[in-house]
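Reading the structure
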Amino acid sequence: PYTKAQADAAHDQWNAMCGHYSIAAATGRPLEDIRTAGVPLKGWMNPTMISQTLAALIVPAERFLLKELGYDVPQDLVKLPQINHGAILRIQWEGSWMNPGVPAGARYQRTHYIAIKDGTIMDPAFDPAISLRVEDWLQVVTNDIVPQIKGATGYHFTHAWIIESPLIPLPHHSLA
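Because the structure is predicted, anything quoted here is derived from the model rather than measured.

Secondary structure summary: the chain contains nine helices and six strands in total. Considering the chain as a whole, with its 176 residues, one finds that 48% of them fall into the buried category. As displayed, the chain offers around 8800 Å² of accessible surface, 53% of which is attributable to carbon and sulfur atoms.

This is how it looks when you write it as structure tokens:
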């Protein structure tokens, strides 16, 4: 729903980041809609802000905490039909900040959002205006993105916002 020039302008003008780009990509909305949704523009987004933005845009979506559902294997999750129709996924970068006793704030500083739509992934860490096939993204995130994050050893998904489709009903208790 946006070009690289529009993504760059949104970042420069109102500090758009991965959460904003991911909402636009997953919902097909222009970045301007995300900016004017009424959620504070802080240059970052937490899970509550993602949910509030989707609600303000009147986008039907259901939020899942993925650890509770047992979907922590990225290769399995990104191939589910419900996810592939349209979703926003929150990534937790793994590293020493995940060790016991490290303040939770250290973990929250190392998170990221991506969007999945129609079998492709838009990842702002790669390029916010380009979508990759799922198989290509799995290689790029492991081989290119994780090594660029100082101290990162891997990643896992923590949350999913699945955009409701009239053709693919949302699962209400399970993604299986």
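Structure shown, so let's carry the discussion forward.
So, about the pattern of salt bridges. Counted according to the given criterion, the structure contains four salt bridges. With its nearest N and O atoms 3.3 Å apart, the salt bridge here joins aspartate 8 to lysine 4. Linking aspartate 8 with lysine 4, this pair stays in helix 1 (residues 4–14), spanning four residues, or about one helical turn. Overall, the relative accessible area of 33% leaves aspartate 8 in the partly exposed class. Here the salt bridges share partners, and the residues they tie into one network are Arg133, Glu135 and Asp136.

A separate point is the pairing of strand 6 (residues 154–163). In terms of burial, strand 6 is a largely internal element, ten of the ten residues being buried. Relative to strand 6, strand 1 (residues 61–65) runs antiparallel, the two being bridged by five bridges. Residue pairing across strands places leucine 65 opposite histidine 159, the latter belonging to strand 6. Both strand 2 (residues 87–94) and strand 6 contribute to a ladder of eight bridges, which runs antiparallel. When the sheet's bridge partners are listed, isoleucine 88 is paired in strand 6 with tryptophan 161.

As a further point, take the confidence of the model for the chain. If pLDDT is low for a region, its predicted coordinates should not be looked at in detail. Summing up the model confidence of the chain, the mean pLDDT is 85 and the portion of residues at 70 or higher is 87%. In this model residues 166–176 is a low-confidence stretch, pLDDT under 50, and it forms 24 contacts with partners more than four residues away in sequence or in other chains.

On to the packing of aromatic side chains, then. In the structure shown here, the tally under the stated rule is six aromatic pairs. A centroid spacing of 5.9 Å and a plane angle of 40° characterise the contact between tyrosine 2 and tyrosine 21, whose relative ring orientation is tilted. Highlighted residues: tyrosine 2 in the segment before helix 1 and tyrosine 21 in helix 2 (residues 18–27), separated in sequence by 19 residues. Tyrosine 21 shares its class with tyrosine 2; the two are buried.

Conventions and cut-offs
Residues numbered from 1 in each chain as written. Predicted model: local features only at pLDDT ≥ 70, side-chain atom pairs only at ≥ 80, totals over all residues. Heavy atoms only, no water. Helix = DSSP H or I, 4+ residues; strand = E, 2+ residues; numbered from the N terminus. Buried < 20%, exposed > 50% of the residue type's maximum accessible area, 1.4 Å probe, protein only. Areas by Shrake-Rupley, 256 points an atom, 1.4 Å probe, with all protein chains shown as cover. Salt bridge = Lys/Arg side-chain N within 4 Å of Asp/Glu carboxyl O. Pairing = 2+ DSSP bridges. pLDDT = per-residue confidence, 0-100. Contact = heavy atoms within 4.5 Å. Phe/Tyr/Trp six-rings, centres within 6.5 Å; stacked < 30°, edge-to-face > 60°.

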